[in-house]
Amino acid sequence: ELIREKTLSLTSGVVVLDFNHPAFHNKEFEVDLIRALSSVAKQLYEELGLLSVYVNVQPDDADSGMSDKAKERKDMIEKDVLIPFSDYEICVKNEGTADDSSWDNIEWELQRMIGRALLAPPVVGGTGTNSADLMMGLNTFFLSLSFPHVEDASPYIEQMCLDVDSMEYRVDLLQTAKDYLAKASGDDDSCNDKDPRFDILYQQQRLRFMCRPNAQRAPALPFAGSGIIDDALPIVYTVRTAHQAGTWPDDEEGIKHMFDLLELGLRSGAEVLDVESAWDAKLTDKLMKRAKDRHTSLILGSHHVVGEEVSMDEAIELYRQCRMDGRAHGAKVVLSINGNDNDEDQLAYKASIAAAKMDKPEIPNIGLILGEDGSYSRILNPRFTPVTHETLPFKAAPGQLTAAEIMAGRLLTGQVPTERYAILGHNIAYSVSPQMQGSAFAAVKLPHTYTRADVETVEEFVEGPIWNDDNFGGCSVTIPHKANIIPHVDVLTDAAKEIGSVNTVIVKKDKKGTRVLIGDNTDWKGIYNPLRRRIGDKIKSGSYALILGGGGTARAAAYAATKLGLDRIYYNRTPEKAQDLATEFGGSVASS
């Protein structure tokens, strides 16, 4: 009752279990205590639906103070209570006992994991922060690690992180995965006192920590109430089976253990979970349901054809199979060819395009050809291409190219044309946008340019060479042209219409290939997003925003406040301007 009273009074908090505690020493009381812990954990997890993180502490020194009996007790409670009734898991060894930097990584991992868990669930075919459209976007790359121990990669991490958007954690290639399989098969003697399950999770954390100082291309991850995490390089969690270019056994027992490891990937908070599409339907359904109900990982359905050729129609069906009955957020098909006399290396790419037209919503399709004959397929594949790195002592697979080689190939073949961007305004010598955007283009090896267009009138720009260039990619718009640019765009977003100004011009192509200019306003998002992170989804009645000013930014602030559900109060030195805002966006005017 004490456990129930103390625990269920928490809306959030920490429950600490000391497996050496004297309360466990009384055998009869121990049974009741474990039963009570199980009951409370189940209520928190299943009935109340609270997010639950298991912090698994396993000191790796002899002086940890945990007796053999306590270790047995921990293993039992972990199996029966802590794992079944938790969503995520963090592994701790000796961090915090020696230096502050190691403990800082543990705190960071907890923040990353909770930030990940609190993201909106990914939507198949969707866009936004947690979407395959962003994670697997154009000209993105993930690096396939093939070391038996993650620490072996440490000499190369700094350089590798500069060129890629994600790291692939190949569980099947790890030595500890072999130990996991041996232990699962009952061969405990080969593992000694090892806990391979713990080590698989721990090594993935180590990979994150090594990448963290070098995560130049990491996406921004909102962390509720305390800003942005921008140094978490995404992980692609993969268990590749033997007949699909991997090493994991694909007999009945092996596949069962593979799905156990995939659930471990969900518990680790992996950004992308690679799920082979050819295996047991019941196990697949169970995994997919868990992913949808309790996690936010993106699912990449995959299939590898090794050693035999398939037809175009068969390749298209494999892409459809990898959609996993509409539950996968991306599809990856890797084929084999026996020669390249008739452009066979383009088969996967052409099949990916044909398959994309057959099912809705459209998801990113990744198409590759195995082996040296398939190198060009990696240049053709536009999204989320697996790569190697020039610093590595060996490639993860024959035919792999580096990100630099692929981008050079795409430039030479015209797949990535040079686009022209600009910031449009007047008296904008102060703007650092060219340096900022130019550095971003350079970081991802895109050949685009971004310049200042400092002109007195909008007409000078729209009649000039940048706007009328076939490779015009779009522009930022600042004072005094945010309203005057509106007549020159083809389409206005809802935000631009309501705010009455445009700060971004986006260039798209319609189905006929005709250029379409879209006027958007993102000023309001710069106000809305940090406030949403700070105040959350539930706005108390009577909460308000005080908006100072009467220009374009004040209009964007009023729009953002409306989206947040805040009452609006306006103040301006010219009361008529404040009244105009109140009339248009709702709210009241503060008198001086």
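Residues numbered from 1 in each chain as written. Predicted model: local features only at pLDDT ≥ 70, side-chain atom pairs only at ≥ 80, totals over all residues. Heavy atoms only, no water.

### Examining the overall build of the chain
Looking only at helices and strands, the chain features 20 helices and 21 strands. For the chain, the spread of C-alpha atoms along the principal axes amounts to about 80 × 75 × 45 Å. Of all intrachain contacts in the chain linking residues separated by at least 6 positions in sequence, the fraction that spans at least 24 positions is 70%. Of the roughly 28800 Å² of accessible surface on the chain, 52% is carried by carbon and sulfur atoms. (Helix = DSSP H or I, 4+ residues; strand = E, 2+ residues; numbered from the N terminus. Contact = heavy atoms within 4.5 Å. Areas by Shrake-Rupley, 256 points an atom, 1.4 Å probe, with all protein chains shown as cover.)

### Things to note about helix α11 (residues 312-321)
Within α11 the residues assigned to the buried category are Ala315, Ile316, Leu318 and Tyr319. For α11, the angular spread of the buried residues around the axis is 155 degrees, confining them to a single face. (Buried < 20%, exposed > 50% of the residue type's maximum accessible area, 1.4 Å probe, protein only. Arc of directions from axis to C-beta.)

### Remarks on the environment of Pro222
Topologically, Pro222 is positioned in strand β5 (residues 221-222). For the pair Pro222 and Thr129, spaced 93 residues apart in sequence, the C-alpha to C-alpha distance is 8.8 Å. Pro222 has contacts with Gly115, Leu119, Thr129, Gly227, Ile228 and Arg533, leaving out every residue within four places of it along the chain.

### Considerations on the packing of aromatic side chains
One pass over the structure, following the stated rule, counts 14 aromatic pairs. Here the aromatic rings of Tyr169 and Tyr237 are separated by 6.1 Å at their centres, their planes lie at 50 degrees, and the arrangement is tilted. Of this pair, Tyr169 sits in strand β4 (residues 166-170) while Tyr237 is found in strand β7 (residues 235-238), placing the two residues 68 residues apart along the sequence. Considered together, Tyr169 and Tyr237 belong to a single accessibility category, that of buried residues. What links up through ring pairs into an aromatic cluster is the set Phe147, Tyr156 and Phe394. The side chain of Arg294 reaches across the aromatic face of Tyr45, ending 3.8 Å from its centre. (Phe/Tyr/Trp six-rings, centres within 6.5 Å; stacked < 30°, edge-to-face > 60°. Lys NZ or Arg CZ within 6 Å of the ring centre and 35° of its normal.)

### Some words on the nonpolar core
Within the largest apolar cluster, 56 residues are counted, with the highest numbers of intra-cluster contacts made by Ile157, Met167, Tyr169, Leu207, Tyr237, Leu261 and Leu262. Among residues more than four places away in sequence, those in contact with Ile157 are Met167, Leu207, Met210, Cys211 and Asn214. Core analysis: the next-biggest nonpolar cluster, separate from the first, contains 20 residues, Ala495, Tyr528, Ala554 and Tyr570 among them. (Core = buried A, V, L, I, M, F, W, Y, C linked by side-chain atoms within 4.5 Å.)

### Section: the environment of Asp313
Looking at the secondary structure, you find Asp313 in helix α11. Judged by relative accessible area, Asp313 falls into the exposed class, the value being 58%. Taking the C-alpha atoms as reference, Asp313 lies 29 Å from Thr127; in sequence the two are 186 residues apart.

### What to know about the sheet that holds strand β15 (residues 472-477)
Taking strand neighbours across the sheet as the criterion, the six strands line up as β14-β13-β15-β17-β18-β16 in an open arrangement whose pairing is mixed. The sheet is open, and its two borders are formed by β14 (449-454) and β16 (491-492), each paired with just one other strand. Where strand β13 (residues 420-425) lies against β14, six bridges are found, and the strand directions are parallel. Across the sheet, Ile423 pairs through a bridge with Arg452, a residue of β14. (Pairing = 2+ DSSP bridges.)

### Quick look at the pairing of strand β20 (residues 567-571)
Going residue by residue along β20, you find Arg568 and Tyr570 tucked away on one face and Asp567, Ile569 and Tyr571 left uncovered on the opposite face. Pairing of strand β19 (residues 544-548) with β20 involves five bridges; the strand directions are parallel. Considered in β20, the bridge of Leu548 is made with Tyr571. Handedness of the β19-helix α19 (residues 552-564)-β20 crossover: right-handed. Where β20 and strand β21 (residues 588-589) come together, two bridges link them in parallel fashion. Bridge assignment links Ile569 to a residue of β21, and that residue is Ser588. Traced from β20 through helix α20 (residues 575-585) to β21, the parallel crossover comes out right-handed. (Right-handed = clockwise from strand over helix to strand, strands pointing away.)

### Structural notes on the sheet that holds strand β3 (residues 141-144)
Pairing is parallel across the open sheet formed by eight strands, whose spatial order is β11-β10-β9-β8-β7-β4-β3-β12. Both edges of this open sheet fall to β11 (365-369) and β12 (385-387), since each of them pairs with a single strand only. Between one strand axis and the next, the sheet turns through 25 degrees on average, direction left out of account. Inspection of the sheet shows β3 paired to β4 by three bridges, in the parallel sense. What sits directly across from Ser144, in β4, is Glu168. Packing against the sheet, α11 makes contact with β9 (298-304), β10 (330-335) and β11, and its axis sits at approximately 145 degrees to β10. (Axes fitted to C-alpha atoms, helices over the stretch in contact; angles between N-to-C directions.)

### Quick look at unusual backbone geometry
Glycine aside, residues mostly have negative phi angles, and peptide bonds mostly take the trans form. Residue Lys360 is joined to Pro361 through a cis peptide bond whose omega torsion reads 0 degrees. Residue placement: Pro361 occurs in the loop between α12 (347-356) and β11. Of note, the amide linkage connecting Ile479 to Pro480 takes the cis form, showing an omega dihedral of 5 degrees. Examined against the element boundaries, Pro480 turns out to sit in the loop between β15 and β16. Although it is not a glycine, Asn139 adopts a positive phi angle of roughly 60 degrees. Relative to the elements of secondary structure, Asn139 occurs in the loop between α5 (132-135) and β3. The exposure class of Asn139 is buried, given its relative accessible area of 15%. The phi dihedral of Met324 is positive, around 55 degrees, even though this residue is not glycine. Along the polypeptide, Met324 turns up in the loop between α11 and β10.

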